[in-house]
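Below are the chains, spelled out letter by letter.
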Amino acid sequence: MHVEEKRQLLSATEIDRTLQRLAHEIVEKSGGTADLALIGIRRRGVPLSQRLAQSIRGFAGVQVPVGTLDITLYRDDLSTVASQPVVQSTEIAFPVDGRDLVLVDDVLYTGRTVRAAMNGLFDLGRPRRIRLCVLIDRGHRELPIEASFVGRTVQTSDTEIIEVRLKEIDHEERVVLVDRVP
């Protein structure tokens, strides 16, 4: 089984433009930046959340706190992920109680990652509100979870995979649609 690239969905410039738009939407729909904090879901949600915060700082002049959430131990498919999952640290240096949190991830698919992230957040306290921001929503939900902020919605088949490649992790910057080929 290997993957074959079908087409590029977003270029580096389009990713940047999309994140700028999402940052403005987040501030607008939050009624400003009071109590607002971004939580990046490890791995690619982390650089995305940092870029959103940088964008907000650019136009609103406010440093929105950013945290990192590792959901490995909260996954319901943990036994199928690895026999010994590698747990990175969750780094949230601010209280979540009463906060307006925006979870940030690269791709929304079944919703299971987001459910695990919410479990992780509730272990840390009781936020006032949690909303979800994703770069790509590809459908195929298995849980009743929707994103409040969506960069792009892409219809996919079950054999297709969306790969978000970010310079901080992948040393390249683009979003591609690939197909699993037997």
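Quick note: structure is the one above.
Quick notes on the rules
- Residues numbered from 1 in each chain as written.
- Predicted model: local features only at pLDDT ≥ 70, side-chain atom pairs only at ≥ 80, totals over all residues.
- Heavy atoms only, no water.
- Helix = DSSP H or I, 4+ residues; strand = E, 2+ residues; numbered from the N terminus.
- Buried < 20%, exposed > 50% of the residue type's maximum accessible area, 1.4 Å probe, protein only.
- Pairing = 2+ DSSP bridges.
- Axes fitted to C-alpha atoms, helices over the stretch in contact; angles between N-to-C directions.
- Contact = heavy atoms within 4.5 Å.
- Core = buried A, V, L, I, M, F, W, Y, C linked by side-chain atoms within 4.5 Å.

### Points about the environment of P144
Reasoning step 1: Considering the arrangement of structural elements, one finds P144 in the loop between β5 (129-137) and β6 (149-153).
Reasoning step 2: Taking relative accessible area as the criterion, P144 reaches 85% and is therefore assigned exposed.
Reasoning step 3: Taking the C-alpha atoms as reference, P144 lies 15 Å from I130; in sequence the two are 14 residues apart.

### Comments concerning the sheet that holds strand β3 (residues 66-69)
Reasoning step 1: Spatial ordering of the open sheet is given by β3-β2-β4-β5-β6, a layout of 5 strands whose pairing is parallel. The sheet is open, and its two borders are formed by β3 and β6, each paired with just one other strand. Taking each pair of neighbouring strands and ignoring which way they run, the sheet shows an average axis angle of 25 degrees.
Reasoning step 2: Relative to strand β4 (residues 100-108), strand β2 (residues 36-41) runs parallel, the two sharing 5 bridges. Looking at β4, one finds that A37 is bridged to L101.
Reasoning step 3: Here helix α2 (residues 45-60) sits on the sheet and contacts β2, β3, β4 and β5; the angle it forms with β2, its principal contact strand, is near 155 degrees.
Reasoning step 4: Here helix α4 (residues 112-124) sits on the sheet and contacts β2, β3, β4 and β5; the angle it forms with β4, its principal contact strand, is near 155 degrees.

### Describing the nonpolar core
The nonpolar side chains of a soluble globular protein tend to be buried, and buried together.
Reasoning step 1: The biggest cluster of nonpolar side chains holds 28 residues, and the ones touching the most others in it are L52, I136, I162 and V175.
Reasoning step 2: Counting residues per element, this core draws most heavily on helix α1 (residues 12-29), at 6 residues.
Reasoning step 3: Excluding anything up to four places from it in sequence, L52 contacts L19, L22, A23, I26, L38, V104 and C133.

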